[in-house]
Amino acid sequence: MKQFDVLVAGGGPVGWACALACARALGSKNSAPRVAIVDREQGGVVGPVSVDAPLSRRVYAVSQRSIAQLGGWNVSLDRSRTATIEQIVVHTAACATPALTLGAADRRTEAIGAVIEHEALTARIAQAAQAQGVLRIPGECIGADCTGESRTVELADSSLLRAKLLVVADGRESALASSLEIAFTERSYERRGVVAHFQIDTPHRGDARQWFLPDDTILALLPLPDVNGAPAVSMVWSVSESRGAELLAMSAEALCEAVSAATDGSVQMSAVLQSAVAFPLALKRMPDPVADRVIVVGDAAHAVHPLAGQGVNLGFGDAQTLHDVMAAGHKQQIDLGSALLTGKYRRQRYAPTLGLALTTDLLARLYNLGQWPTLKPFADTGMQVLGRLPAFRRLLSSAAA
Ligand SMILES: Cc1cc2nc3c(=O)[nH]c(=O)nc-3n(C[C@H](O)[C@H](O)[C@H](O)COP(=O)(O)OP(=O)(O)OC[C@H]3O[C@@H](n4cnc5c(N)ncnc54)[C@H](O)[C@@H]3O)c2cc1C
């Protein structure tokens, strides 16, 4: 049976980031692999993404803080698959002009963040992780038992792997966390995130734009790299289940018209580049993402409404904390799966994950679920007034970036 210090289950962006974090913390580059990842993705996300490949439908707004963190771990973004976010522009129903604009200058950095497709991001993190000595094991985890001073993980092909610490990163539906009986709460928003890419008429200038619309839907348009020499954006429109079904059933022309109309004509969609798909939106939270020799990370531990575009960034925060905790444990020669270290992780991640869950949930209730309609005008006005204060702008742009 193969034995590792850390075994990561799940090869999404957060799983690979955690594997890289642990390998860097343990300095396993030139020795036998101490960190391994079970990755069930077919086709190997580890290969480079071809320049000519059409942009994938799944893109993330990655904050400047996450970019700096990954850069410090030798992950360079694939610039051909990335668009810089220069400015965040928020519109509310109450106001013809933007209620809030946040630029890189508010934070005194070059940019607020970047929009990058899932495959290119994951591939670059995976390359850096493997260069750091992480072993990729193709397969699917089906269970994990605690045996003395290690966790034994069983794969679908019946092979067994053993590690001092198991990091569960198998996404929002996490079958592994369920099999370990780690408690969580999940509340459906009964809303769909409708995602599509569009070609647009005029350059986006790096604006990430969001509309809190009067029909209690939230529309976000993120800048994309030019497609065939033309400007493009990625849409996430948080709508009711029935409106989601209507949008999916529309012709390309009708969808372009509907989205352009929702922006009040300020952004004109000229063609659909990636047809619309819809994702169910939910708030998931694991009050305690730690069990005996197990840490649960990423969406497996916490999934939030996409209105703040922070889900993957929260997972990269998990990876940073895991790095710091593992590095300290390695230095002090503490058992890497010990309750001392996992408890340290639990304490450090409690406030950031709870804070983002509460903030996004509050905004979703106010602007997407139509709860507290009498409060909405006050929130709109508050955003406009506070949005003029430099200190508040700095605070918000740091939170976003
Ligand atoms: C509509 C929408 C828009 C979003 N937009 C943004 C955005 O702009 N910015 C942002 O930061 N976030 C965004 N998010 C959130 C983001 O998608 C997630 O936070 C992110 O994907 C979480 O990454 P992860 O690695 O934890 O999970 P995942 O990306 O779900 O990866 C989990 C991995 O585990 C694998 N796996 C599952 N089960 C097993 C198993 N048993 N054995 C082995 N492997 C397994 C899966 O195949 C997958 O590769 C958005 C979400 C939605 C729904």
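(A) Summary view of the pattern of salt bridges. Throughout the structure, instances matching the rule amount to 15 salt bridges. In this structure, the salt-bridge partner of Lys-164 is Asp-5, at a minimum N-O distance of 3.0 Å. Remark: Asp-5 occurs in strand S1 (residues 2-9) and Lys-164 occurs in strand S11 (residues 160-168); sequence separation between them is 159 residues. With a shortest N-O distance of 3.3 Å, Arg-192 and Glu-241 are connected by a salt bridge. On the criterion of sequence distance, the pair formed by Arg-192 in strand S12 (residues 185-200) and Glu-241 in helix H6 (residues 241-249) is long-range, its members being 49 residues apart. Exposure remark for Glu-241: the relative accessible area of 37% places this residue in the partly exposed category.

(B) Quick look at the packing of aromatic side chains. The final tally for this structure, using the stated rule, is one aromatic pair. Centroid distance Phe-212 to Tyr-367: 4.2 Å. Interplanar angle 25°. Geometry classified as stacked. With Phe-212 in strand S13 (residues 207-212) and Tyr-367 in helix H9 (residues 339-367), the pair connects residues that are 155 residues apart, well separated along the chain. Residue classification places Phe-212 among the buried positions, given a relative accessible area of 5%. Judged by relative accessible area, which is 1%, Tyr-367 ranks as buried. A cation over a ring is seen here: Lys-284 above Phe-184, with NZ or CZ 4.5 Å from the ring centre. Over the aromatic face of Tyr-350 sits the side chain of Arg-285, whose NZ or CZ is 5.4 Å from the ring centroid.

(C) View of the nonpolar core. Membership of the largest hydrophobic core comes to 46 residues, with the highest contact counts inside it found for Val-6, Leu-121, Ile-125, Leu-322 and Met-326. Setting aside chain neighbours within four positions, we find Leu-322 in contact with Cys-18, Cys-22, Leu-165, Val-167, Ile-295 and Tyr-345. Leu-55, Leu-102, Tyr-189 and Ile-218 belong to the second-largest nonpolar core, a separate cluster that totals 28 residues.

Each value, and the rule that gives it
Residues numbered from 1 in each chain as written. Predicted model: local features only at pLDDT ≥ 70, side-chain atom pairs only at ≥ 80, totals over all residues. Heavy atoms only, no water. Salt bridge = Lys/Arg side-chain N within 4 Å of Asp/Glu carboxyl O. Helix = DSSP H or I, 4+ residues; strand = E, 2+ residues; numbered from the N terminus. Buried < 20%, exposed > 50% of the residue type's maximum accessible area, 1.4 Å probe, protein only. Phe/Tyr/Trp six-rings, centres within 6.5 Å; stacked < 30°, edge-to-face > 60°. Lys NZ or Arg CZ within 6 Å of the ring centre and 35° of its normal. Core = buried A, V, L, I, M, F, W, Y, C linked by side-chain atoms within 4.5 Å. Contact = heavy atoms within 4.5 Å.

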